[in-house]
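# Examining the three-dimensional arrangement
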Amino acid sequence: MTIKVGVVGCGTIGKRVADAILLQDDMELVGIVANSWNYKVQAAQDKGIAIYASMHLMSKADPTEQERVLPPFHHMLREVDIVVDCTPKGIPEQNRSWYEQYNVKAIFQGGEKANIGQSFVAQVNWEAAVDADFVRVVSCNTTGLCRTLSAIHKKYGIEGVHATMIRRAADPWDIYHGPVNAIVPHLVVPSHHGPDVRTIMPDVDIFTTSLSVPTTLMHVHSVSVDLIDKSATVEDVIELFRNTTRVRVVSNADGIRSTAEIMEFAKDLGRERGDMPEVCVWTDTIGGWHNKIMYIQAVHQESDVVPENIDAIRAMTMPHMGQMESIAKTNKSLGII
Ligand SMILES: NC(=O)c1ccc[n+]([C@@H]2O[C@H](COP(=O)([O-])OP(=O)(O)OC[C@H]3O[C@@H](n4cnc5c(N)ncnc54)[C@H](OP(=O)(O)O)[C@@H]3O)[C@@H](O)[C@H]2O)c1
């Protein structure tokens, strides 16, 4: 069976999710809804993807030549089984009533409040999304934390976690956001990441802090985990992460000492857009002390949620498909380890 999928929003996440859908043999991309004509929409159209106009674009007083001829949003809704809404924070809340009206399932992104749908990370809480109508793929940071923490929790049991998120200032194409020359601590604790992790792993006690720094190349997390009455050697943890899907271990020995080198590695691997959807943990940063494990990981904010969206489509629309079968299929199509 082929599932018909529409993507709403052609930005950082939407264009990647659309391209990933094109690679799935059990999905058909019906089209993308655009909010203005721009180079991202042009590139999608050049790939043969049908473009539809958002409600906002349809009400524009002076549409451009390209915008005027686009079919409206709701024409796409008539054709699809499910949409992946990749519009900015707040817009999906307004779009949700359209999805209900057209009886279409929807996946939202991490910018939305947790109550918009079932929070989801494929390798952690697959069952919760099976046959659901509305799912939220959690943010890039939450996804990254959940991947490594769930592996530790499963093997050792977690008593508590403290993690600090060092966040990129903006996506590489973004000329509007900063900081350009400052380190900006998030002046609320815990940062929203800890509570967000608990929407996926409710039994894990986690406290998070965060700061933003002037880079566009990935987020970095410094994580400290207390295990329940257990200790783990560095070798044990490296082995655990090596055997965890969508986690990649990197090291100084391979010349990877920074996010810049991870991004270059992704390009050298021939990854689409130079993406690195796996969370990368530096083996050199893994420490074991009494019942603690510490490590530093990097998250490619533009791409780690892309495979999660593909798996969410399957969990919600193909109940016969199992978690590991879908993850393996998605990984293979995107070249993920
Ligand atoms: N970028 C990241 O690092 C990242 C990582 C993980 C999750 N997320 C989450 O993913 C979601 C999308 O983020 P993003 O970074 O992809 O944003 P983005 O790059 O700004 O893209 C959003 C896109 O949605 C379009 N849009 C705006 N209003 C629309 C509407 N009413 N109908 C249809 N399209 C509309 C925008 O078009 P115009 O520009 O023409 O208005 C833009 O192309 C957010 O929830 C965000 O938190 C982002």
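As a starting point, this report considers the structure included with it. (Residues numbered from 1 in each chain as written. Predicted model: local features only at pLDDT ≥ 70, side-chain atom pairs only at ≥ 80, totals over all residues. Heavy atoms only, no water.)

## Some words on the pairing of strand 13 (residues 279-282)
Looking down a regular strand, the side chains alternate between one sheet face and the other. For the record, the criterion: Residue exposure (1.4 Å probe, protein chains only): buried if accessible area is under 20% of the type maximum, exposed if over 50%, otherwise partly exposed. To qualify as a helix, a DSSP run of H or I must reach at least 4 residues; to qualify as a strand, a run of E must reach at least 2; elements of each kind are numbered from the N terminus. Each pair of strands is called paired provided DSSP finds at least two bridges between the two strands. Throughout, right-handed denotes a crossover for which the path from the first strand over the helix to the second runs clockwise when the strands point away from the viewer.
Burial along strand 13 is two-sided: the residues Val279 and Val281 and Cys280 and Trp282 are all buried. Pairing between strand 12 (residues 247-250) and strand 13: 4 bridges, direction parallel. Note that in strand 13 the partner of valine 250 across the bridge is tryptophan 282. Tracing the backbone out of strand 12, into helix 11 (residues 259-268) and back to the parallel element strand 13 gives a crossover that is right-handed. By the bridge criterion, 2 bridges tie strand 13 to strand 15 (residues 292-299) in an arrangement that is antiparallel. For cysteine 280, the partnering residue across the bridge sits in strand 15 and is alanine 298.

## So, the environment of threonine 209
Applied cut-off: Note on contacts: a residue pair qualifies if any of its non-hydrogen atoms lie within 4.5 Å across the two residues. Counting of polar contacts relies on pairs of N or O atoms within 3.5 Å, with two restrictions inside protein: one atom must be capable of donating a hydrogen and the other of accepting it, and residues adjacent in sequence are counted only when both atoms are side-chain atoms.
Of note, threonine 209 is situated in strand 10 (residues 206-213). Separated by 45 residues in sequence, threonine 209 and threonine 164 place their C-alpha atoms 4.8 Å apart. Discounting chain neighbours no more than four positions away, the residues touching threonine 209 are His162, Ala163, Thr164, Met165, Val189 and Ser191. Within polar-contact distance, the side chain of threonine 209 engages the side chain of threonine 164 at 2.9 Å.

## Quick notes on unusual backbone geometry
Residue proline 179 is reached from glycine 178 by a cis peptide bond, and omega for that bond is 10 degrees. Note that proline 179 resides in the loop between strand 8 (158-168) and strand 9 (184-185). With an omega dihedral of -10 degrees, the bond running from valine 189 to proline 190 counts as a cis peptide bond. As for its position among the elements, proline 190 is in the loop between strand 9 and helix 9 (193-198). In this model, arginine 246 sits at a positive phi of 65 degrees, which is unusual for a non-glycine residue. The residue arginine 246 is located in the loop between helix 10 (234-242) and strand 12 in this model. Its relative accessible area of 0% is what places arginine 246 among the buried residues. Not every positive phi belongs to a glycine, and histidine 290 is a case in point at roughly 50 degrees. Within the element layout of this structure, histidine 290 appears in the loop between strand 14 (287-289) and strand 15.

## A look at the sheet that holds strand 3 (residues 51-53)
Defined as follows: Fitted lines through C-alpha atoms give the axes, limited to the stretch in contact for helices. The angle between two N-to-C directions lies from 0 to 180 degrees.
Strand order in the open sheet formed by 7 strands is 3-2-1-4-5-7-6, and the pairing between neighbours is parallel. Where the open sheet ends on each side, the last strands, each with one partner, are strand 3 and strand 6 (118-120). Neighbouring strand axes in the sheet, compared pairwise and without regard to direction, differ in orientation by 25 degrees on average. With respect to the sheet, helix 1 (residues 12-22) is in contact with strand 1 (3-8), strand 2 (27-34) and strand 4 (82-85), its orientation differing from that of strand 2 by roughly 160 degrees.

## A short note on helix 1
A large share of helix 1 lies buried, amounting to 10 of its 11 residues. Those residues of helix 1 lying buried are Thr12, Ile13, Gly14, Lys15, Arg16, Val17, Ala18, Asp19, Ala20 and Ile21. Where the residues of helix 1 are buried, they touch strand 1, strand 2, helix 2 (39-46), strand 4, helix 12 (306-317) and helix 13 (323-334).

## Notes on the side chain of serine 251
Here serine 251 is to be found in the loop between strand 12 and helix 11. Since its relative accessible area comes to 11%, serine 251 is described here as buried. Serine 251 has contacts with Ile256, Trp282, Thr283 and Asp284, leaving out every residue within four places of it along the chain.

## Considerations on the site of the ligand
Short version of the rule: We call a residue near a molecule or strand when any one of its heavy atoms sits within 4 Å of it. What sets the accessible areas is the Shrake-Rupley method with a 1.4 Å probe; for residues, cover comes only from the shown protein chains. Polar here means any residue other than Ala, Val, Leu, Ile, Met, Phe, Trp, Tyr, Cys and Pro, which are nonpolar, and Asp, Glu, Lys and Arg, which are charged; Gly is therefore polar. For every domain, the bounds stem from an assignment made automatically or drawn from a database.
Within the structure, the ligand sits among 22 residues, and Ile13, Asn35, Ser36, Arg168 and Asp171 are positioned closest to it. Take cysteine 10: an N or O atom from its main chain is 3.4 Å from an oxygen atom of the ligand. Side-chain polar atom of aspartate 171 to a nitrogen atom of the ligand: 2.7 Å apart, as the coordinates give it. A total of 900 Å² of accessible area belongs to the ligand in isolation, and the protein chains cover 79% of it. Split by residue class, the shell around the ligand holds 9 nonpolar, 11 polar and 2 charged. The residue makeup of the shell around the ligand includes at least three contributed by each of domain 1 (3-138 + 305-334) and domain 2 (140-299).

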